[in-house]
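Chains, contacts and geometry: an overview
The lines below spell out each chain.
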Amino acid sequence: MTTDPTEPAYRPCVGIMVINRSGLVWVGLRADMPNEPEGPGQWWQMPQGGIDRDENPRAAALRELYEETRIRSVAVIGESSLWHTYDLPPDLVGKAWGGRWRGQKQKWYAVRFLGNDDEIDIAPEPGHDPEFQQWKWVPTTELVSSVVLFKREVYRAVVDEFAPLAHPI
């Protein structure tokens, strides 16, 4: 397969499945913001974010997890065997992320949350927009149906790979 050099590339990104001691997974309700790739709606998702230049994907995952949730008390228990990609819907290509990207290429990590729920704080740092409006713990069976349509195939693959890790301890 060849890549058209005139096409935008995939944004390098990480995603994090946070699993608590009960085997449930953390999801946040996306803040409904203008110009967000997800578009309007009530979409839940796991933490995710871009990889900075020269940053290791695992380090990016832990950084993004902290930036979005303030969670630090985790142990990494899994890494996706593949990089997963999704394309933005055609009406968002050229608009989302300043038009630089056609979608995302994601490396996913599963982490076991070892802290208490009071560690979690989704309030944005001063000068930053909120990522999430609220959060909850859900079983893996609810993840795919709660995310925006164009991310569902990636979520299916991530759930298939990490569901065996989402058990009570």
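These numbers come from a predicted model, not from an experiment.

Counting its secondary structure elements, the protein chain contains three helices and eight strands. Going from the N terminus to the C terminus, the protein chain shows its helices and strands as β-β-β-β-α-β-β-β-β-α-α. Within the protein chain, the fraction of its 169 residues that count as buried is 46%. Considering only contacts in the protein chain between residues 6 or more positions apart, those separated by 24 or more positions represent 74%. As presented, the protein chain carries roughly 8,900 Å² of accessible surface, and 50% of it is formed by carbon and sulfur atoms.

This paragraph deals with helix H3 (residues 152-162). What H3 keeps buried is the set Arg152, Val154, Tyr155, Val158, Val159 and Phe162. Looking down the long axis of H3, one finds its buried residues gathered within 150° of arc, a one-sided arrangement. Exposed side chains of H3 directed beyond 90 degrees from the buried face belong to Glu153 and Asp160.

With that settled, the discussion passes to the nonpolar core. In this structure, Met17, Met46, Trp108, Leu143, Tyr155 and Val158 are the most contacted members of the largest nonpolar core, which totals 24 residues. Counting only elements with at least two residues in this core, the list comes to strand S1 (9-19), strand S2 (25-30), strand S7 (101-113), helix H2 (143-146) and H3. For this core, the leading source of residues is H3, giving five residues. Residue contacts for Val158: discarding those within four places in its chain leaves Met17, Met46, His84, Trp108 and Ala163.

The rules behind these values
- Residues numbered from 1 in each chain as written.
- Predicted model: local features only at pLDDT ≥ 70, side-chain atom pairs only at ≥ 80, totals over all residues.
- Heavy atoms only, no water.
- Helix = DSSP H or I, 4+ residues; strand = E, 2+ residues; numbered from the N terminus.
- Buried < 20%, exposed > 50% of the residue type's maximum accessible area, 1.4 Å probe, protein only.
- Contact = heavy atoms within 4.5 Å.
- Areas by Shrake-Rupley, 256 points an atom, 1.4 Å probe, with all protein chains shown as cover.
- Arc of directions from axis to C-beta.
- Core = buried A, V, L, I, M, F, W, Y, C linked by side-chain atoms within 4.5 Å.

Remember, this is a structural readout, not a statement about activity or role.
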